[in-house]
Amino acid sequence: WRGSTIADLGTIEDAESEAIAVNNYGMVVGVASEGTSFDTRAFMTAGAGLTPLGDLGVGRSRPYDVNDNGMVVGMSEETNDVSRAVIWNPVIQNIQTLPGSWSRAWAVNDAAQVVGDIATPTGPRGFIWHQGTMTLLDSLIPPDSGWVIERAVDINGPGDILALGRKNSGTSYVLLIPGLKITRP
């Protein structure tokens, strides 16, 4: 949308496409898939055609967010049915540095801090990744809080993280604020 004009994002090779996120400069990320194929390919566009972002080798990738610097985060299958958290900056990089059977990167801020979730032997856990280091969010909150952070879904500029947490038998979204204790919105 530019004033009163609609910008058609198009497709890749007559594939169906789905836009997923847009940054403040109009860069859009999404996926394209052909017909009944389950192969989805991540793309980026800044209004001049769709550019494929690449994958880890199986043909399936999905972006979830793009920051204002053009860093894209999401997931790509490394082998059939094994997804890994990835960034495209500008080429694809597997950022999973902790053991786990799968991982996904859900969001990125302009400081290149990435949040997501990873499957661990004790269940899914939220993480933050920055400058090559992946850290489970559980390790950053007071151990006696009773919370288990299962998925980090967003991160803003100051580093506040919106996450899904579990305490006792209930789940709730929580806001993790750097330097403060866990809070419930």
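Residues numbered from 1 in each chain as written. Predicted model: local features only at pLDDT ≥ 70, side-chain atom pairs only at ≥ 80, totals over all residues. Heavy atoms only, no water.

### A closer look at the pattern of salt bridges
Inference 1: Scanning the entire structure with this criterion turns up seven salt bridges.
Inference 2: Ionic pairing is found between Arg60 and Glu77, a salt bridge with its closest N-O pair at 3.0 Å. With Arg60 in the loop between strand E4 (51-52) and strand E5 (61-66) and Glu77 in strand E6 (residues 72-79), this pair connects stretches of sequence that are 17 residues apart.
Inference 3: Here Asp138 ties to Arg125 by a salt bridge, and the two come within 3.1 Å at their closest N and O atoms. With Asp138 in the loop between strand E12 (133-136) and strand E13 (147-155) and Arg125 in strand E11 (residues 123-130), the pair connects residues that are 13 residues apart, well separated along the chain.
Inference 4: Using a relative accessible area of 9% as the deciding quantity, one classes Arg125 as buried.
Inference 5: Among the ionic contacts, a cluster of salt bridges with common partners joins Arg104, Asp117 and Arg151. (Salt bridge = Lys/Arg side-chain N within 4 Å of Asp/Glu carboxyl O. Helix = DSSP H or I, 4+ residues; strand = E, 2+ residues; numbered from the N terminus. Buried < 20%, exposed > 50% of the residue type's maximum accessible area, 1.4 Å probe, protein only.)

### So, the sheet that holds E5
Inference 1: Ordered in space as E5-E6-E7-E8, the four strands form an open sheet in which the pairing is antiparallel. Of all strands in the sheet, those bounded by a partner on one side alone are E5 and strand E8 (92-94). Taken over all neighbouring pairs, the strand axes of this sheet differ in orientation by 35° on average, direction set aside.
Inference 2: Across five bridges, the pairing between E5 and E6 is antiparallel. Bridge pairing links Arg62 to Met75 in E6. (Pairing = 2+ DSSP bridges. Axes fitted to C-alpha atoms, helices over the stretch in contact; angles between N-to-C directions.)

### Looking at the pairing of E13
Inference 1: Pairing geometry for E13 and strand E14 (residues 161-167), over seven bridges, is antiparallel. Within E14, the residue paired with Ala152 across the bridge is Ala163.
Inference 2: What sits between E13 and E14 in their antiparallel hairpin is a turn of five residues, with Gly159 showing a positive phi close to 100°.

### A word on the sheet that holds E12
Inference 1: Spatial strand order, E9-E10-E11-E12: four strands in an open sheet with antiparallel pairing. Strand pairing shows two members of the sheet lacking a second neighbour, strand E9 (103-108) and E12, which therefore form its edges. Here the average twist between neighbouring strands, direction ignored, is 30°.
Inference 2: Of the strand pairs in this sheet, E11 and E12 are connected by four bridges, and their pairing is antiparallel. Within the sheet, the bridge partner assigned to Ile128 lies in E12 and is Thr135.

### Remarks on the pairing of E14
Inference 1: Bridge count between E14 and strand E15 (residues 170-176): seven bridges; the pairing is antiparallel. Following the sheet pairing, Ala163 is matched in E15 by Val174.

### Topic: the side chain of Ser83
Inference 1: Within the secondary structure, Ser83 sits in strand E7 (residues 82-88).
Inference 2: Those residues in contact with Ser83 that lie beyond four places of it in its chain are Met75, Ser76, Glu77, Gln96, Ser101, Trp102, Ser103 and Arg104. (Contact = heavy atoms within 4.5 Å.)

### Observations regarding the nonpolar core
Inference 1: With 13 residues, the main nonpolar core has Val115, Leu137, Ile149, Ile161 and Leu176 as its most contacted residues.
Inference 2: Of all the elements in the fold, those that place two or more residues in this core are E13, E14 and E15.
Inference 3: The element contributing the most residues to this core is E13, with four residues.
Inference 4: Ranked by size, the runner-up nonpolar core spans twelve residues in total, among them Met71, Ile87, Val108 and Trp129. (Core = buried A, V, L, I, M, F, W, Y, C linked by side-chain atoms within 4.5 Å.)

### Focus on unusual backbone geometry
Inference 1: The omega torsion across Asn89 and Pro90 is -5°, close enough to zero to call that bond cis.
Inference 2: For Gln131, which is not glycine, the phi torsion reads 50° and is therefore positive.
Inference 3: Positionally, Gln131 belongs in the loop between E11 and E12.
Inference 4: Of the residues examined, Gln131 reaches a relative accessible area of 69% and is grouped as exposed.
Inference 5: Positive phi is not limited to glycine here, since Asn168 has a value of about 55°.
Inference 6: Relative to the helices and strands, Asn168 resides in the loop between E14 and E15.

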